[in-house]
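Chain residues, written in single-letter form:
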Amino acid sequence: MLYLQSIVIVRPGTTEDEYGNEQDDWGTGATRSPVSGVNVQPSGGSTEDTDDKQLTVTGWRLYTPRGMDLDLLETDRVEAEGTTMQVVGKVARWPAPGGGVHHVEADLREVA
């Protein structure tokens, strides 16, 4: 009964800035893919000092049930629990005995 949550995977499009440089487009150019049957849990947080101000980073962990792969890349964002989070590091796809994916895990952190 742990896999009752729904998320939206947000993959950025690309756009050019005023200097002609390519940059991520998280607005209308992004693709949004709803996914249900996953689990997202808090995984702790940290406090960081940047430019003389303190920033609190909240961590989350995404899990899929056994046998469920997920089209999630390290460059994506995830919307869940009323917040937007970015994928931190590589997405872990645990192998199943005999081939395929046993389950997927990903570290997430809130996007300020």
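Right above here is the structure, for reference.
Computed from a prediction, not measured in an experiment: that's the story for all the values here.

So, on to the overall build of the chain. Helices and strands together make up the secondary structure of the chain, namely zero helices and eight strands. When the helices and strands of the chain are placed in sequence order, the string is β-β-β-β-β-β-β-β. By the burial criterion, 29% of the 112 residues in the chain qualify as buried. If you take every contact in the chain between residues at least 6 apart in sequence, the share linking residues at least 24 apart comes to 51%.

Another point: the pattern of salt bridges. Tallied over the entire structure, the rule returns seven salt bridges. Asp-76 is the partner of Arg-11 in a salt bridge, and the nearest nitrogen-oxygen pair spans 2.8 Å. Here the residue Arg-11 occupies a position in strand S1 (residues 5-11), and Asp-76 occupies one in the loop between strand S5 (53-63) and strand S6 (77-80), the gap between them amounting to 65 residues. Since its relative accessible area comes to 1%, Asp-76 is described here as buried. Across the salt bridge formed by Glu-74 and Lys-90, the nearest N and O atoms sit 3.2 Å from each other. Here Glu-74, found in the loop between S5 and S6, pairs with Lys-90, found in strand S7 (residues 83-95); they are 16 residues apart in sequence, far enough to count as distant. Overall, the relative accessible area of 66% leaves Lys-90 in the exposed class. Linked through salt bridges whose partners overlap, the residues forming this network are Arg-11, Asp-71 and Asp-76.

Looking now at the side chain of Thr-83. Note that Thr-83 resides in strand S7. A relative accessible area of 18% means that Thr-83 is categorised as buried.

With respect to the helices and strands, Val-10 occurs in strand S1. Taking the relative accessible area as the measure of exposure, Val-10 reaches 4% and is therefore buried. For the pair formed by Val-10 and Val-78, sequence separation is 68 residues and the distance between their alpha carbons is 5.9 Å. The contacts of Val-10, once residues within four sequence positions are left out, are Trp-26, Ala-30, Thr-31, Arg-32, Asp-76, Arg-77 and Glu-79.

Phi at Glu-81 is positive, roughly 55 degrees, even though this residue is not glycine. Tracing the sequence through the fold places Glu-81 in the loop between S6 and S7.

Turning next to the nonpolar core. Ile-7, Leu-62, Leu-70, Leu-72 and Leu-108 are the most contacted members of the largest nonpolar core, which has 17 residues in total. When contributions to this core are tallied by element, the ones reaching two or more residues are S1, strand S4 (31-50), S5, S6, S7 and strand S8 (101-110). Apart from residues lying up to four places away in sequence, Leu-108 is in contact with Thr-58, Gly-59, Trp-60, Leu-62, Val-78, Met-85, Gln-86, Val-87 and Val-88.

What counts, and where the lines are drawn
Residues numbered from 1 in each chain as written. Predicted model: local features only at pLDDT ≥ 70, side-chain atom pairs only at ≥ 80, totals over all residues. Heavy atoms only, no water. Helix = DSSP H or I, 4+ residues; strand = E, 2+ residues; numbered from the N terminus. Buried < 20%, exposed > 50% of the residue type's maximum accessible area, 1.4 Å probe, protein only. Contact = heavy atoms within 4.5 Å. Salt bridge = Lys/Arg side-chain N within 4 Å of Asp/Glu carboxyl O. Core = buried A, V, L, I, M, F, W, Y, C linked by side-chain atoms within 4.5 Å.

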